[in-house]
Protein chains: 2
Amino acid sequence: MALIVTGTIGIDTVVTPTSSAEKILGGSATYFSVAASFFGKVRLVAAVGGDFPPSFAKFLKGYKAIDTRGLEVRPNSKTFAWGGKYREDMNSRDTLFTELGVLAEAPPVVPGTFADSKFVFLANTHPGVQAQLLSSFPKRTLAVADTMDLWINTARKELEALLRQIDGLVLNYDEAELFTGKKNPVTAARHILNDFGGAKGSKKGLKFVVVKKGEHGSLIIHHDGIAALPAYPAEKVVDPTGAGDTFAGGLMGYLASKGARTPTKLDTLRKAAAMGTVMASFNIEAFSLDRLKTLKKAEIAKRSKQFAKMINV
Amino acid sequence: MALIVTGTIGIDTVVTPTSSAEKILGGSATYFSVAASFFGKVRLVAAVGGDFPPSFAKFLKGYKAIDTRGLEVRPNSKTFAWGGKYREDMNSRDTLFTELGVLAEAPPVVPGTFADSKFVFLANTHPGVQAQLLSSFPKRTLAVADTMDLWINTARKELEALLRQIDGLVLNYDEAELFTGKKNPVTAARHILNDFGGAKGSKKGLKFVVVKKGEHGSLIIHHDGIAALPAYPAEKVVDPTGAGDTFAGGLMGYLASKGARTPTKLDTLRKAAAMGTVMASFNIEAFSLDRLKTLKKAEIAKRSKQFAKMINV
């Protein structure tokens, strides 16, 4: 079933304790759509500036499974650019610079042909913009959004309004803590679910919260219970940038590929999160999309099987 | 099959951000044996001083499944006492005081009737003492040891000698990092396994390393692969003291109860570690042994089933 992502395409500069890479392709929608493309078609909605390198555009358009009709080029604007530096533990990072470019302008235009999208992922941006984009998909069966500390701090009301309109929220543990003031990831997510979820069994309101814990895995807090997954025990960590968006791409790609009528069943979500975990584990092995670029479906199937064997009891 | 633990019995003082408890029963052998007692008989070898409260002795002797003939009372000595204060995150702690008492004297005497023990757990103490205790169990099928930063720093040679005589090592992630200088838990454990493990298929040498990551779960690095388990997603964390020893007690108790001829099979170890995880999740719900005291087998079975449902994909 038709999957769509709205988000950013960026030009990243990444510094790690042992290496660095300048002006590489990044952005939430980029990582998401490439990860999701392994599971079926994905529609991409994002804006770039006139400075967007033709090689990057060619790369994205080279994916048959990515529908780039929603890739809007604004000749007189600049592409979003971001620089980040990872600390020794590779688990936390400091922002070196942010040049908003097109992100400071109007949100990308959603092509009319995308209006029938069923599975919607609103990658991290201002929650007001996310809500506006969401309204373009009246036939959706599942809407999931990501958010970040900036919006929790500066646009809380809009974020709360958004949470009442979506089915699932994906956020980092420290963001869940910031949002709720609760130190425990389960307690924090449960608070969000209780405050913005409909009654159990109701179709309205938030149905699940995914708490991402980076190298420590993820949790799904759901009306029917909890799912807990470790990260894939990776030894090769070159660049964690985009891991969260790749996780979301794997999760949503899997759900859309199943075409499940009830994609919010906890059992289904747990399997989907495992797929997201596997996709993220590949992504961190290289800068930018370099690992996803060469990834084969057989490698995904193999690692998924390995991962299941590592965790199933 | 006969399970034995050698370790400490202590009188603890624990301070957490929200509460505290003074002069409570603690010690590695205490937590281990009470946890293991849910799975079958366990032999306890540890020394206490003349100051050991009769109520504590009565408590331990009250367990039919705990064979306390190895509980040595030294009337003129003092019981090991330890005080610790947990930081805000409940994941790290500072030592307030350590009064070694009997721990500064000769190791506890192993009763001759315990010589036929098959499953041996050497709880954390000086590796030279652990090796000496190990030699009391010539008929062992499985020997597992715990260690800590103190011995890695001060008795490395003895620790290395011990590692060549045991089957499994259990240690915290930061200890694995300290021991190997490797920042990645998988890489660190793999280095220990490679340096002290026999060849694949060989009966000699270390067969597995369990890396404990506290609230982030555990990993088993094994010649045949890796197991990765999240912690049980607990919301009620009153006192993490003894969680590692309770984990080990559940793990070893499970293995001994299965009486497996090949207890070092990765599949078996992963199930055992899941049982350890569940036991630890109960222990942290109260100070000292207060939760394990009231715990019922049916509660363990229920939570084990829940945990499997949370993680299986």
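Details of the structure are given in the entry above.
Computed from a prediction, not measured in an experiment: that's the story for all the values here. (Residues numbered from 1 in each chain as written. Chains lettered and ligands numbered in written order. Predicted model: local features only at pLDDT ≥ 70, side-chain atom pairs only at ≥ 80, totals over all residues.)

Draft legend 1. Looking closely at the overall build of chain A. Along the backbone of chain A there are eleven helices and 13 strands. In terms of overall dimensions, chain A is globule-like: its C-alpha atoms have a radius of gyration of 18 Å, near the 20 Å expected for 313 residues. The C-alpha extent of chain A, read off along each of the three principal axes, is 50 × 40 × 35 Å. Taken over 313 residues, chain A has a buried fraction of 52%. (Helix = DSSP H or I, 4+ residues; strand = E, 2+ residues; numbered from the N terminus. Rg over C-alpha atoms; globule rule 2.2 N^0.38 Å. Buried ≥ 20, exposed ≤ 12 C-beta atoms within 10 Å, placed from the backbone.)

Draft legend 2. Representation of the interface of chain B and chain A within the structure. Each partner contributes to the interface: chain B provides 21 residues, whereas chain A provides 21 residues. For the side of chain B that touches chain A, the secondary structure elements donating two or more residues are helix 7 (185–196), strand 13 (225–229), helix 9 (266–283) and helix 11 (297–311) of chain B. Looking at the side of chain B that touches chain A, the element that brings in the most residues is strand 13 of chain B, giving four residues. For the side of chain B that touches chain A, the class distribution of residues is 13 nonpolar, five polar and three charged. (Contact = placed C-beta atoms within 7 Å. Nonpolar A, V, L, I, M, F, W, Y, C, P; charged D, E, K, R; others polar.)

Draft legend 3. Examining the nonpolar core more closely. One finds Met252 of chain A together with Met252 of chain B to be the most contacted residues of the largest nonpolar core, which totals 188 residues. In this view, Met252 of chain A contacts Leu3, Ala36, Phe119, Phe121 and Val144 of chain A; residues no more than four positions away in its chain are not counted. (Core = buried A, V, L, I, M, F, W, Y, C linked by C-beta atoms within 7 Å.)

Draft legend 4. Up close: the sheet that holds strand 4 (residues 42–49) of chain A. Residue and element names in this part refer to chain A. With mixed pairing, the nine strands of this open sheet are ordered in space as 5-4-1-8-9-10-11-12-13. Sheet topology places strand 5 (66–74) and strand 13 (225–229) at the edges, where each strand pairs with a single neighbour. Averaged over all pairs of adjacent strands, the angle between strand axes in this sheet comes to 15 degrees, irrespective of strand direction. Of the pairings in the sheet, the one linking strand 8 (residues 119–122) to strand 9 (residues 142–146) comprises four bridges and is parallel in character. Paired with Val120 across the strands is Ala143, a residue of strand 9. (Pairing = 2+ DSSP bridges. Axes fitted to C-alpha atoms, helices over the stretch in contact; angles between N-to-C directions.)

Draft legend 5. Broad picture of the relation of the copies chain B and chain A. When chain B is fitted onto chain A, the two copies agree to an RMSD of 0.0 Å after a turn of 180 degrees and an axial shift of 0.0 Å. Viewed as a symmetry operation, the transformation between the two copies matches a two-fold axis. In this assembly the copies share their binding face: 100% of the residues contributing to the interface of chain B also contribute to that of chain A. (Least-squares fit on C-alpha atoms with pLDDT ≥ 70 in both.)

Draft legend 6. Inspection of the packing of helix 8 (residues 243–258) of chain B against helix 9 of chain B at higher detail. Residue and element names in this part refer to chain B. Two elements in contact, helix 8 and helix 9, have axes whose closest approach is 7 Å; the angle formed by their N-to-C orientations is 135 degrees. Relative to helix 9, the element helix 8 is oriented oblique. Crossing of helix 8 over helix 9 shows right-handed handedness. Residues Ala243, Thr246, Phe247, Ala248, Gly249, Gly250, Leu251, Tyr254, Leu255 and Lys258 of helix 8 pack against Thr268, Lys271, Ala272, Ala273, Met275, Gly276, Thr277, Val278, Met279, Ala280 and Asn283 of helix 9. (Parallel < 35°, antiparallel > 145°, perpendicular 65-115°, else oblique. Left-handed = near helix turned anticlockwise from the far one by under 90°.)

Draft legend 7. Examining the environment of Ser117 of chain A more closely. All names here are of chain A. You can see Ser117 is positioned in the loop between strand 7 (93–99) and strand 8. For Ser117, a count of 26 C-beta atoms within 10 Å translates into the label buried. Beyond its immediate sequence surroundings of up to four residues, Ser117 is in contact with Ala2, Ile4, Arg43, Phe137 and Arg140.

Draft legend 8. Layout of helix 5 (residues 156–163) of chain A. The complete set of buried residues in helix 5 of chain A reads Leu159, Leu162 and Leu163 of chain A. Taken around the axis of helix 5 of chain A, the buried residues stretch over an arc of 100 degrees, which confines them to a single face. (Arc of directions from axis to C-beta.)

Draft legend 9. The sheet that holds strand 12 (residues 218–222) of chain B, seen in detail. Residues and elements named next belong to chain B. Taken together, nine strands build an open sheet; the order of strands is 5-4-1-8-9-10-11-12-13 and the sheet is mixed. Looking at strand neighbours, the two that pair on one side only are strand 5 (66–74) and strand 13, the edges of this open sheet. Here the strands of the sheet are splayed against their neighbours by 15 degrees on average, with no regard to which way each runs. Bridge count between strand 12 and strand 13: five bridges; the pairing is antiparallel. From the neighbouring strand, Leu219 faces strand 13, where its bridge partner is Ala228.

Functional significance is not addressed by these values, which are geometric in nature.
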